[in-house]
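What follows is each chain in one-letter form.
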Amino acid sequence: MKNIYTNIIDALKGEPELAIATIIETRGSTPQIPGTSALIVKGSVWKGTLGGGVLEAEAQKRGQEALVDGRSLLFEYHLDADIAAAEGALCGGIATVLIDVQPSAGPLIKKYRGSW
């Protein structure tokens with residue numbers, strides 16, 4: 001698994017409004033492990049994946065909403081829900097996802113951003 005954070009500086013240069021979606025906890029069977037991340041820009045996922053399917057679609061939807069609102073959020077997604085079963089994605093687990101709409105606020109990004 002590649003670390004999505006190596007792409008943040010380049011992403012912030014071209015796409016100032018972006019969010020990072022990161023799986024921070026899993027219980028049971030899920031498509032990816034904690035630490036898996038994707039960069040979300042308005043309108044799409046830019047790099048990375050949360051494993052595809054209904055979990056990633058939900059993260060994209062919530063990421064887009066969070067970018068509009070300007071507020072980070074945390075959500076739990078149950079992969080045993082009816083919609084997951086209807087899509088053939090019945091993993092049976094639960095994934096907790098953090099959507100961070102201010103990745104540039106972190107101290108390392110601030111340090112590197114000064115060199116642009």
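This text follows the structure it describes.
A. Layout of the side chain of Thr36. Mapped onto the elements of the fold, Thr36 is located in the loop between strand 1 (18-27) and strand 2 (37-41). Here the side chain of Thr36 touches Gln32 through a polar contact of 3.5 Å, side chain to side chain.

B. Geometry of the pattern of salt bridges. Under the definition given, this model contains five salt bridges. The closest approach of N and O atoms between Glu17 and Lys42, which form a salt bridge, is 3.0 Å. Taken together, the residues Glu17 in the loop between helix 1 (8-14) and strand 1 and Lys42 in the loop between strand 2 and strand 3 (44-48) connect sequence positions 25 residues apart. One salt bridge in this structure joins Glu65 and Lys61, with 3.9 Å as the shortest N-O distance. Of this pair, Glu65 and Lys61 are both found in helix 2 (residues 53-69), four residues apart, which corresponds to roughly one turn of the helix. A residue is classified by how much of its surface remains accessible, and Glu65, at 40% relative accessible area, is partly exposed. Note on Lys61: relative accessible area 45%, which makes it partly exposed. Salt bridges linked by common partners bring Glu25, Arg27 and Glu76 together as one network.

C. The arrangement of the sheet that holds strand 3 in detail. Taken together, the five strands give an open sheet; going across it, the order is 3-2-1-5-4, and neighbouring strands pair in antiparallel fashion. Edge positions in the sheet fall to strand 3 and strand 4 (73-78), since each of these pairs with one other strand and no more. With strand direction ignored, the average angle separating the axes of adjacent strands in the sheet is 30 degrees. Sheet topology places strand 1 next to strand 2; five bridges connect them, and they run antiparallel.

D. Geometry of the environment of Val54. Checked against the element boundaries, Val54 lands in helix 2. Of the residues examined, Val54 reaches a relative accessible area of 12% and is grouped as buried.

Calculation rules
- Residues numbered from 1 in each chain as written.
- Predicted model: local features only at pLDDT ≥ 70, side-chain atom pairs only at ≥ 80, totals over all residues.
- Heavy atoms only, no water.
- Helix = DSSP H or I, 4+ residues; strand = E, 2+ residues; numbered from the N terminus.
- Polar contact = N/O pair within 3.5 Å; in protein donor to acceptor, adjacent residues only side chain to side chain.
- Salt bridge = Lys/Arg side-chain N within 4 Å of Asp/Glu carboxyl O.
- Buried < 20%, exposed > 50% of the residue type's maximum accessible area, 1.4 Å probe, protein only.
- Pairing = 2+ DSSP bridges.
- Axes fitted to C-alpha atoms, helices over the stretch in contact; angles between N-to-C directions.

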